[in-house]
Amino acid sequence: MWWRRRSLRRLADEVAETRADQVEIRRRLEHFEMIAAAAGAGPRSVPLAPMPPELVAAAHQLGAGDAPVRLEVAGSEVIAVVGGEGDPREWWMAIWQAVGAEESRP
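First, a word on scope: everything that follows refers to the structure included in this document. (Residues numbered from 1 in each chain as written. Predicted model: local features only at pLDDT ≥ 70, side-chain atom pairs only at ≥ 80, totals over all residues. Heavy atoms only, no water.)

Things to note about the overall build of the protein chain
So, step 1. Tallying secondary structure elements over the protein chain gives three helices and two strands in all.
So, step 2. The buried share of the protein chain, reckoned over its 106 residues, is 17%.
So, step 3. Across the protein chain, every contact between residues at least 6 apart in sequence was considered, and the portion connecting residues at least 24 apart equals 35%.
So, step 4. If you sum the accessible surface of the protein chain, you get close to 8,600 Å²; carbon and sulfur atoms cover 57% of it. (Helix = DSSP H or I, 4+ residues; strand = E, 2+ residues; numbered from the N terminus. Buried < 20%, exposed > 50% of the residue type's maximum accessible area, 1.4 Å probe, protein only. Contact = heavy atoms within 4.5 Å. Areas by Shrake-Rupley, 256 points an atom, 1.4 Å probe, with all protein chains shown as cover.)

As structure tokens, then:
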């Protein structure tokens, strides 16, 4: 029984350490973005949020055809049609940029 408590304590310590690391990474990213903005770089075009699992699943299940994927992007529901060869990360970036372009139009 003591080894279970020890394992749980070790797991809890690892979770706390991971959370602290994530906070530090976010802080560093914010500093980097401030430096980039001061240097004239535009805002980030893709969110920090991870790629939607629906898009990853569609990439793994694609055969020869295209597949519609329902996504939440920048507070809007979007249906993207993905298919063929390609990297889901590139799809995600293109989808996000297309939605951002649509939002910036008058």
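Things to note about the packing of aromatic side chains
In this description, an aromatic ring pair is defined by two values, namely the gap between the centres and the angle between the planes.
So, step 1. Inspection of the entire model under this criterion finds one aromatic pair.
So, step 2. Arranged with centres 6.0 Å apart and planes meeting at 55°, the rings of W92 and W96 form a pair that is tilted. In this pair, W92 and W96 both sit in helix α3 (residues 88-104), four residues apart, roughly one turn of the helix. An identical accessibility class is assigned to W92 and W96; each is buried. (Phe/Tyr/Trp six-rings, centres within 6.5 Å; stacked < 30°, edge-to-face > 60°.)

Brief notes about the nonpolar core
Across soluble globular proteins, nonpolar side chains have a tendency to be buried as a group.
So, step 1. Of all hydrophobic cores here, the largest spans 13 residues; its most connected members are L55, L71, V73, V82, W92 and I95.
So, step 2. Taken together, the elements giving at least two residues each to this core come down to α2 (53-61), β1 (66-73), β2 (76-83) and α3.
So, step 3. The leading source of residues in this core is α3, at five residues.
So, step 4. Setting aside residues up to four positions removed in sequence, L55 forms contacts with V69, L71, V82, P88, W91, W92 and I95. (Core = buried A, V, L, I, M, F, W, Y, C linked by side-chain atoms within 4.5 Å.)

Quick look at a positive patch on the surface
So, step 1. Taken together, the side chains of R5, R6, R9 and R10 define a basic patch exposed on the protein surface.
So, step 2. Residue class for R6 comes out partly exposed when judged on its relative accessible area of 48%. (Patch = residues over 30% accessible without salt bridge, like charges linked within 9 Å, V, L, I, M, F, W, Y side chains within 5 Å. Salt bridge = Lys/Arg side-chain N within 4 Å of Asp/Glu carboxyl O. Lys, Arg positive; Asp, Glu negative; His and termini not counted. Charge placed at Lys NZ, Arg CZ, Asp CG, Glu CD.)

What to know about the pattern of salt bridges
So, step 1. By the definition in use, this model includes three salt bridges.
So, step 2. For R27, the salt bridge is made with E24, and the minimal N-O distance between the two is 2.5 Å. Taken together, the residues R27 and E24, both in helix α1 (residues 2-38) and three residues apart, mark about one turn of the helix.
So, step 3. Look at E24 and you get partly exposed, because its relative accessible area is 27%.
So, step 4. Here E24 ties to R28 by a salt bridge, and the two come within 2.9 Å at their closest N and O atoms. Here E24 pairs with R28, and both are found in helix α1, just four residues apart, close to one helical turn.

Here we look at a nonpolar patch on the surface
So, step 1. Residues L8, L11 and V15 make up a contiguous nonpolar surface patch of about 280 Å² in total accessible area.
So, step 2. Relative to the helices and strands, L8 is located in helix α1.
So, step 3. We classify L8 as exposed; its relative accessible area is 59%.

Digging into the pairing of β1
So, step 1. The two faces of β1 differ: A67, V69, L71 and V73 on one face are buried, but D66, P68, R70 and E72 on the other face are not.
So, step 2. Taken together, the eight bridges between β1 and β2 define a ladder with antiparallel strand orientation. By the bridge assignment for β2, V73 is matched with S76.
So, step 3. In this antiparallel pair of consecutive strands, β1 and β2, the connection spans two residues, and A74 shows a positive phi of 50°. (Pairing = 2+ DSSP bridges.)

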